[in-house]
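# Coordinates in review
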Amino acid sequence: MTLQAVILAAGEGTRLRPLTQNRPKALIPIANRPIIEHTIISLLEAGIRDIIVVVGYRKEQVMRHLTHLDLPIKIVHQPEQLGTAHALLCARDQIAGDAIVLPGDNYIDKDSIQGIVQVRNALLYTTHRQPSNFGVVTIDGDQITSITEKPSHANRMTVSCGVYHLGSELLDRMRHMSMSEAIDAEIRSGTRITAVKAHSWQDAIYPWDLLSMNEHLLSCISPVRSGSISSSVVLHGVVSIGKGTKIGPGTVINGPVIIGEDCTIGPHVVIEAGTSIGPRVRIEPFSVIRRSIIMADVVIASHSALSGSVIGEGCTLGEYTAALYSRGYIPLEDGAIQAACGVIMGNGVFCRPSILFENTIVGNEVTIEGRSNLRFSCIRIPDKTMVM
Amino acid sequence: MCGIVGYTGYRSAAPILIEGLKRLEYRGYDSYGIATLASEISIHKKAGRVSDLADSAHILMGNIGIGHTRWATHGIPSDINAHPHQDCTNQIAVVHNGIIENYAHLKRELIGRGHTFKSETDTEVIAHLIEEAYQGDLLDAVRKILPRLVGSYAILVISTGDTRLIAARNQSPLVLGIGDGEIFAASDITPILEHTSRVIYLDDGDIAELAPDSYTVYFGDHPAEREICEITWAPETVQKGGFTHYMLKEIFEQPDVIYQAIHAVSEETLPLSLRQASSITVVACGSSYHAGMIFRYLIEPACGIPVRLELGSEYKYSPVPFSDVVVGISQSGETADTLAAIRKGVCNNIKTVAITNVLNSSITRSAHDTILMHAGPEISVAASKSFIAQLGVLMQIVNILSGRRCDEVLHHARYAIEQALLTDLTEAVDLCSTAEHLFYVGRGVFYPVMMEGALKMKEISYIHAEAYAAGEIKHGPFALLSSETPVIAICTPGPTYDVMLGNLKEIKARGTPIIAIGYDDDHDVRDIADVLIPISRGHPWIHVLTATVILQLLAYHTANRLGREIDMPRNLAKSVTVE
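Since we're looking at a predicted model, the values are computed, not measured. (Residues numbered from 1 in each chain as written. Chains lettered and ligands numbered in written order. Predicted model: local features only at pLDDT ≥ 70, side-chain atom pairs only at ≥ 80, totals over all residues.)

### Details of the overall build of chain A
Let me state the cut-off plainly: Helix and strand labels come from DSSP, where a helix needs a run of H or I of at least four residues and a strand needs a run of E of at least two; each type is numbered from the N terminus. Only C-alpha atoms enter the radius of gyration; for comparison, a globular chain is expected to reach 2.2 Å times N to the power 0.38, where N is the number of residues. Using C-beta atoms placed from the backbone, we call a residue buried if 20 or more other C-beta atoms fall within 10 Å of its own, exposed if 12 or fewer do, and partly exposed for counts in between.
A count of helices and strands for chain A gives seven helices and 41 strands. The C-alpha radius of gyration of chain A comes to 22 Å, within 12% of the 21 Å expected for a compact globule of 388 residues. Taken over the C-alpha atoms alone, chain A extends approximately 65 × 45 × 35 Å along its principal axes. Going through the 388 residues of chain A one by one, you find that 52% of them count as buried.

### Description of the overall build of chain B
Rules: Two residues qualify as being in contact provided that their C-beta atoms, derived from the backbone, are within 7 Å of each other.
A tally of helices and strands in chain B yields 20 helices and 25 strands. With respect to the principal axes defined by its C-alpha atoms, chain B has extents near 80 × 50 × 45 Å. The proportion of buried residues among the 579 residues of chain B is 56%. Pairs at least 24 apart in sequence give 71% of the contacts found in chain B among residues at least 6 apart.

### Remarks on the packing of helix 10 (residues 286-303) of chain B against helix 14 (residues 385-401) of chain B
Residue and element names in this part refer to chain B. Put simply, the test is: For helices, the fitted line uses only the C-alpha atoms of the stretch in contact; every axis is such a line through C-alpha atoms, and the angle between N-to-C directions lies from 0 to 180 degrees. If an angle is under 35 degrees, it is roughly parallel; if it is over 145, roughly antiparallel; if it lies from 65 to 115, roughly perpendicular; otherwise it is oblique. When the near helix sits turned anticlockwise from the far one by under a right angle, the crossing is termed left-handed; a clockwise turn instead gives a right-handed crossing. The classification used treats Ala, Val, Leu, Ile, Met, Phe, Trp, Tyr, Cys and Pro as nonpolar, Asp, Glu, Lys and Arg as charged, and all other residues, Gly among them, as polar.
Contact geometry for helix 10 and helix 14: axes closest at 10 Å, N-to-C directions at 15°. Regarding the angle of helix 10 to helix 14, the classification is roughly parallel. At the point where helix 10 passes helix 14, the crossing takes the right-handed sense. Contacts between helix 10 and helix 14 involve Ser287, Ser288, Ala291, Ile294, Phe295, Leu298, Ile299, Ala302 and Cys303 from the former and Phe387, Gln390, Leu391, Leu394, Met395, Val398 and Leu401 from the latter. Counted by class, the contact of helix 10 with helix 14 contains 13 nonpolar, three polar and no charged residues.

### Considerations on the domain arrangement of chain A
All names here are of chain A. Heads up, the condition is: Where each domain starts and ends follows an automatic or database-derived domain assignment.
For chain A, the domain assignment lists domain 1 (4-205) and domain 2 (217-387). Its C-alpha centre places domain 1 at a distance of 31 Å from the equivalent point of domain 2. Contacts between the two partners involve 10 residues from domain 1, matched on the other side by 16 residues from domain 2. Across the side of domain 1 that touches domain 2, the residue classes break down as six nonpolar, four polar and no charged.

### Comments concerning the nonpolar core
Applicable threshold: Put simply, a nonpolar core is buried Ala, Val, Leu, Ile, Met, Phe, Trp, Tyr and Cys residues tied into one set by C-beta atoms within 7 Å.
The biggest cluster of nonpolar side chains holds 239 residues, and the ones touching the most others in it are A:Val6, A:Val54, A:Val101 and B:Leu545. Discounting residues that sit within four places of it in the chain, A:Val6 has contacts with A:Ile52, A:Val54, A:Leu88, A:Ala91, A:Ile95, A:Ala99 and A:Val101. Of all hydrophobic cores here, the second largest spans 70 residues; its members include B:Ala14, B:Ile130, B:Val175 and B:Tyr201.

### Overview of the interface of chain A and chain B
Facing 14 residues of chain A, the contacting portion of chain B comprises 15 residues. Of the residues forming the side of chain A that touches chain B, the biggest block, five residues, is contributed by helix 2 (residues 59-68) of chain A. Classifying every residue of the side of chain A that touches chain B by side-chain character gives four nonpolar, four polar and six charged.

### Here we look at the sheet that holds strand 25 (residues 531-534) of chain B
Residues and elements named next belong to chain B. Note the threshold: At least two bridges found by DSSP between two strands is the condition for calling them paired.
In spatial order, the strands read 22-21-23-24-25; together these five strands make up an open sheet with parallel pairing. Of all strands in the sheet, those bounded by a partner on one side alone are strand 22 (464-469) and strand 25. Averaged over neighbouring strand pairs, the angle between their axes works out to 20° when direction is ignored. Across the face of the sheet, helix 18 (residues 497-509) comes into contact with strand 21 (437-442), strand 23 (487-490) and strand 24 (514-518) while running at roughly 165° to strand 24.

### Considerations on the domain arrangement of chain B
Taken domain by domain, chain B consists of domain 1 (3-236) and domain 2 (246-561). Its C-alpha centre places domain 1 of chain B at a distance of 37 Å from the equivalent point of domain 2 of chain B.

### Quick word on the confidence of the model for chain B
Residues and elements named next belong to chain B. Applicable threshold: pLDDT is a per-residue confidence score from the predictor, ranging from 0 to 100.
Summarising the model, chain B shows a mean pLDDT of 88, and 96% of its residues fall at 70 or more. The element-level mean pLDDT for chain B is lowest in helix 2 (residues 50-53), coming to 72, with helix 20 (residues 540-561) highest at 95. As scored by the predictor, the complex reaches a pTM of 0.75 and an ipTM of 0.74.

Next up, the structure:
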């Protein structure tokens, strides 16, 4: 019996708003591929071809994306988002024997998958600096002794990656709201769950975590030069340029950088390491982009400087836009969170020239009109706001 | 309108034919049949859908066969009238797509010579004619009888004692697929794609002789060279991929489609005849006609070029066109009426331009110039992405002719449609799905947008939906309004805003529920409307696109709520290849 993989991609990822307002977390592009696609690639590299994807939140977008891949992926609908174990239950009758269960919105490399494939009834774990955002696991020898989902105070640094290898008898018993609860209940009733250490694993809890995830995944790209590149362009390191993209004279790109299809960049633009630029993006002369994620259809006018930023689809940034990477607390409805970014921008933002952002979150379809030289620092602008 | 498929090769023919017919079901689905040839011809044919009934057909023996899925034109849908048809001796089997116009005459002649007819179809005459002409060589027999047929046809013929499959085409589509040690023939490439990507589009008057490892195409008596095209559409693109219906999948493909369509025309590739035109005639049918109407509203003020707009089926009753160029719009490129209009233009020495989705379709070979809209294969009978693609092409033409004033707007189109796909329509669907009649009203360029919205609603939900120009409401339709007839209106800031608001107030005063498409924060509209469907801010062109998408989704979700057959609405077929 071949091992099947079930990818749970029905969740929204509310803490990544505004980026997940219009798309599930699994579809956020990292290194120009949705997160779920990186997971699918790792599965294929590990030799697992029988893949089931559970979809729910904004499911049409996920399905549309999966049809672009040349793979026989089975789709299962989760009508209501009642937790990860319920999502797995929805896919139960598609699973013939044992299965690997993975989250669609984390990055897992092929070595980790190959590791857990060897051990039946196992859980993949790793260590993390902020364990209380995850399911914290306690381990005795190579056995898991408990899982506590998002504890207020974590006394261990070991966290669950949300990747399981479950035998068919265990799959039948996954009926609790979340996988962590279901597994914890199993452990307490005496089932032995083996702990397998992950090789490389990345999750993004908050939008600024996407930047380090992006940096990490950019280290795996290979150089591509399909566009038309002016002879005076300077390229260092690994740079991938998609087909139909035009890079104007005098542009400097320091890899690792990935640029999608049909972009127009330059002349005289600087793109620094750790940057992903989606398809059909236009970056006008004399702009500098550092360690950022620029999604599809964005226009960045001349003389702009962005660092440590995530720009959503279809944003238009006027001339002399600046986003400076800095740290600070951003106030929310309930308390504040510590953030470290230039600007996190939702989809379809329009921004007039000469605006400065520092450590700011801008919601979807915000319009920033009015006078120039506005400065935003450590604030969150809600969706559809008009700033006059 | 029917679909045909043929196979000769090393595999068992029946399963391949059945799978192929399932893919062609959109072309007709009231009855189907297949014939395979081992030592004798065995036939399985039935009234009903191939996807519901065909399991028992897989057992037919033989490596060569033909199949047909029917959309009745002559004779009711029944087991007997289903194709394939045979001659008196059951030695020959024929499938046919098209209409033999002189069949009544031929039938009388054949009966007079002692033939007995089993069915009421026009196709059966072909089988009997071949029987008479057959002297040991099937190719010769088919070649001899073709001049006797008047009308349109794509036929596939097999005969006992002959290992070849004979295909012939005149004015109905027919494509050959060239595999390794096997050859396919079909009405379009969808059934072929999963087996091979190398295809040949036959021309009118072609006869092809097909054997597992060789094929020859004849034009008249002489062998003819036909180019092999490599198809880049992946077979996955014609599968559902988790979507409940093809239509929903196609609606969600529209962001990419609009981008492709806008980039399908550029200043360099715009046909010279269009660039120099001082007047344009647009001929189209159905959804394409609405696209043409939007084109007229956009180009006349922007470029001052007068546009005459005609329905394909009515154009033949008009005198010779007086404009410089005739533009025919057809998704399939096979729409008989639009094709006739293009041919009429060519006959009258007028430049013609075809806008179509299918490379090498009949219209591309008749028109002087072709603009392909690159929407990819559309399976759902109700047009969605092909309509958006037509708008993309037409808007880009207006943009180029008016000096590229709207480059920025068109750049934004893809993203705007992506956003429109997220619109929540639950309340509007609640209202529409319980109604028996719906009225769509709009002004200016939004009038044709509403016509398209109403057409979608009619097509797939079977709710009676009519579109009116808002000013026309008072000239009659007002009498029909009541609390039972919801009105769907679009009211966005612009030259039509104030008048439209006035019209809506009058409608509201009759107690009619109003579903308004407008800005989320527009309190005037919100106060009048029972349901407000929010549309994002932008240029009027963007509103045309996003409102279209919203109305498609409204029709889809309403039909889905009512449990309709969305991809294959009753009584409708994908492309209308008869007049």
